[in-house]
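# Geometric and topological summary
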Amino acid sequence: MSAAQASAWGNLGWPPAAEIRRVDTRDADLPAVAGTLLPYGNGRSYGDSCLNPGGTLLATRGLDRFIAFDADTGVLACEAGVLLAEILDLVVPRGWFLPVTPGTRYVTVAGAIANDVHGKNHHAGGAFGAHVRSFELLRSDGSRRRCSPAENADWFAATVGGLGLTGLVTQAELQLKRIAGNAIAVRNVRFSGLDEFFALNAEAEREHEYAVAWIDCLAKTPRGVLMGGDHADADLPAPRGGRNVPLTPPLSLINHASLAAFNAAYYGKPWPAAQTVHYRPYFYPLDAVGHWNRIYGPRGFYQYQSVVPPAAARAATGEMLAAIAGSGQGSFLAVLKNFGARSSSGLLSFPMAGTTLALDFPNHGAATLDLFARLDAIVRAAGGRLYPAKDARMPAAMFRAGYPRLAEFTSYVDPKFSSGFWRRVMENN
Ligand SMILES: Cc1cc2nc3c(=O)[nH]c(=O)nc-3n(C[C@H](O)[C@H](O)[C@H](O)COP(=O)(O)OP(=O)(O)OC[C@H]3O[C@@H](n4cnc5c(N)ncnc54)[C@H](O)[C@@H]3O)c2cc1C
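Residues numbered from 1 in each chain as written. Predicted model: local features only at pLDDT ≥ 70, side-chain atom pairs only at ≥ 80, totals over all residues. Heavy atoms only, no water.

In the annotation of an unreviewed UniProt entry, the chain is listed under the name FAD-binding oxidoreductase and assigned to Azospira restricta.

## Quick notes on the site of the ligand
Definition in use: Only a single heavy atom is needed: when it lies within 4 Å of a molecule or strand, its residue is near that molecule or strand. By the criterion applied in these results, polar contacts are pairs of N or O atoms within 3.5 Å in which, for protein atoms, one can donate a hydrogen and the other can accept it, and in which residues neighboring in sequence qualify only through two side-chain atoms. Surface accessibility in these figures is a Shrake-Rupley result with a 1.4 Å probe; residues are shielded only by whichever protein chains are displayed. Elements are defined by DSSP. Helices are runs of H or I of four residues or more, strands are runs of E of two residues or more, and each kind is numbered from the N terminus.
Surrounding the ligand, one finds 34 residues, the nearest of these being Pro39, Ser45, Thr108, Asn115 and Tyr387. Separating an oxygen atom of the ligand from a backbone N or O atom of glycine 41 is a distance of 2.8 Å. The separation between a nitrogen atom of the ligand and a polar main-chain atom of valine 169 is 2.8 Å. Across the complex, the protein chains shield 96% of the 980 Å² of accessible surface that the ligand would expose by itself. Elements with a contribution of two residues or more to the shell around the ligand: strand S2 (37-40), helix H2 (109-114) and strand S9 (168-175).

## Here's the deal with the sheet that holds strand S15 (residues 274-278)
Inclusion rule: Strand pairing is defined by DSSP finding a minimum of two bridges between the two strands. A contact between two residues is defined here by any heavy atoms of the two lying within 4.5 Å. Every axis in this analysis is a line fitted to C-alpha atoms, fitted for helices over the stretch in contact. Angles between the N-to-C directions lie between 0 and 180 degrees.
Ordered by their spatial adjacency, eight strands build an open sheet running S15-S11-S13-S12-S18-S19-S17-S20, and the pairing between neighbours is antiparallel. Lying at the two open borders of the sheet, with one neighbouring strand each, are S15 and strand S20 (385-386). Bridge count between strand S18 (residues 335-339) and strand S19 (residues 354-362): five bridges; the pairing is antiparallel. Residue lysine 337 lies in a different strand from S19, and its bridge partner there is threonine 356. The sheet strands contacting helix H6 (residues 256-268) are strand S11 (183-192), strand S12 (210-216) and strand S13 (223-232), and the helix crosses S12 at an angle near 135°. The strands touched by helix H9 (residues 366-381) within the sheet are strand S17 (301-308), S19 and S20, with S17 carrying the most contacts at an inclination of about 10°.

## Observations regarding the packing of helix H5 (residues 194-207) against helix H8 (residues 310-327)
Which entries qualify depends on this criterion: Here roughly perpendicular refers to angles of 65 to 115 degrees, roughly parallel to angles under 35, roughly antiparallel to angles over 145, and oblique to all remaining angles. Two helices crossing with the near one rotated counterclockwise from the far one by less than a right angle form a left-handed crossing, whereas a clockwise rotation gives a right-handed crossing. Throughout, the ten residues Ala, Val, Leu, Ile, Met, Phe, Trp, Tyr, Cys and Pro are labelled nonpolar, Asp, Glu, Lys and Arg are labelled charged, and all others, Gly among them, are labelled polar.
The contact between H5 and H8 brings their axes to 10 Å, and the two run at 135°. Considering their axes alone, H5 and H8 lie oblique with respect to each other. Crossing hand, H5 versus H8: right-handed. Note on element contacts: H8 touches H5 through Ala313, Arg314, Thr317, Gly318 and Leu321, opposite Leu194, Asp195 and Phe198. The residue inventory of the contact of H5 with H8, partitioned by class, reads four nonpolar, two polar and two charged.

## Examining the pairing of strand S3 (residues 56-59)
Put simply, the rule is: Note on classification: 1.4 Å probe, protein chains only; a residue is buried when its accessible area is under 20% of the maximum for its type, exposed when over 50%, partly exposed between these limits.
The two faces of S3 match: Thr56 and Leu58 on one face and Leu57 and Ala59 on the other face are all buried. Sheet analysis places strand S1 (residues 19-22) next to S3, joined by four bridges and oriented parallel. Within S3, the position partnered with glutamate 19 by the bridge is threonine 56. Pairing between S2 and S3: four bridges, direction parallel. By the bridge assignment, proline 39 is partnered in S3 with leucine 58.

## What about the UniProt feature "domain: FAD-binding PCMH-type" (unreviewed entry) in the chain?
Here is the rule: UniProt positions are given in the numbering used here, feature names are shortened, and annotations may be inferred rather than shown by experiment.
UniProt tags residues 12-179 as "domain: FAD-binding PCMH-type" (unreviewed entry). Here residues 12-179 is 15% helix and 27% strand, with 39 Å between the C-alpha atoms at its ends.

## Brief notes about helix H1 (residues 84-91)
This is how it is decided: This arc corresponds to the set of directions leading from the helix axis out to the C-beta atoms.
Of all the positions in H1, only Leu84, Ala85, Ile87, Leu88 and Val91 are classed as buried. Along the long axis of H1, the arc covered by the buried residues comes to 160°, so they all point the same way.

Laid out in structure tokens, this is it:
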């Protein structure tokens, strides 16, 4: 992998790392380099939290070995660079599933730990870190610590959601969950207006393990489709291999007209009230199109993901959607869901009780950044926060306001480790 190839998902044109060092064995020492280090998983973070412009990236995909799997207890030990997709291929046929999964299966185990990723079941299962039994943390002073909720618990809490800054995770042990088949029973309900969304969503959270809504962010009255899901006692053939966007087109293919047309057609398509599907299209619809991030063209795109606490959720979400619809910018990938009350394992974990809204925005320069400033004001006033894994521009003050345990966290940062994100939010005040 060349320094230029180690990109982040938003393709926003960050300066490259000076060097990339592969980490292929879990017993290896960290390389001695002059500048800073940052682990790099599979680059599925959108902005500069997985990048180290001018420094060294530790490319971890070579840490790809399974260490042990107990098919009776569902305890899996593997190296840090194993992809969630590789785990699913191994364990689903044996009746196990990931306890929490983000919307793409092409992320590494350590990447999932470092962002304490969430899935469609936060209300039922919390975030990824809640299911990590232990991991090994290698620091630049050569120390190796086994961290778990009981052993080196402070290092565990700093490293879960710790944005790769506390050291290199070399291996981890996860607790998987039992399933009876590879299929998901899905219930689809259209909604119109946020009041209807909140009412239907509360019901969906009571009835289903998974609940997430797609929302048409360009409509005057927010409308969308709520998808409840549960593991089903059925096995379906895996969908055939998907398509690929082979090249970055010279211009973004996403504009107001194409978005409005897509959203209207998507909302209006004949949604079956109930269907049983293979787990992949339910959890990972975007994985079916390889390199779909290229459709935003050479200027790339941003994701804006916020969470606002329950008391402010209805009003703040409404204000954000009105600002987005009024701006004429937005995405066909708008996702709305609730996080439950289960507290997160990490000092800097993003999930907290409340409502989370996630949207992609083509990079239109100042117009896009102006919209984000308006959204920031709404999120801050509501007592919410933004997700570093999806961020490429939040002001330092916004980060500090959203993460009250930041000062505690900084004492665990490895002095040799840093990232573009970290320098941006810690050094620019
Ligand atoms: C289509 C899509 C859908 C997504 N959906 C969701 C979602 O539903 N929920 C959600 O929470 N996120 C979601 N994400 C974000 C994604 O899950 C996270 O950004 C994830 O952390 C990426 O993992 P990665 O392996 O690609 O790591 P990278 O993006 O390469 O790195 C992520 C972080 O992990 C650190 N890291 C990597 N390896 C190690 C290591 N060995 N030791 C210590 N630190 C390490 C890096 O330094 C960095 O801080 C989505 C992303 C995409 C592209």
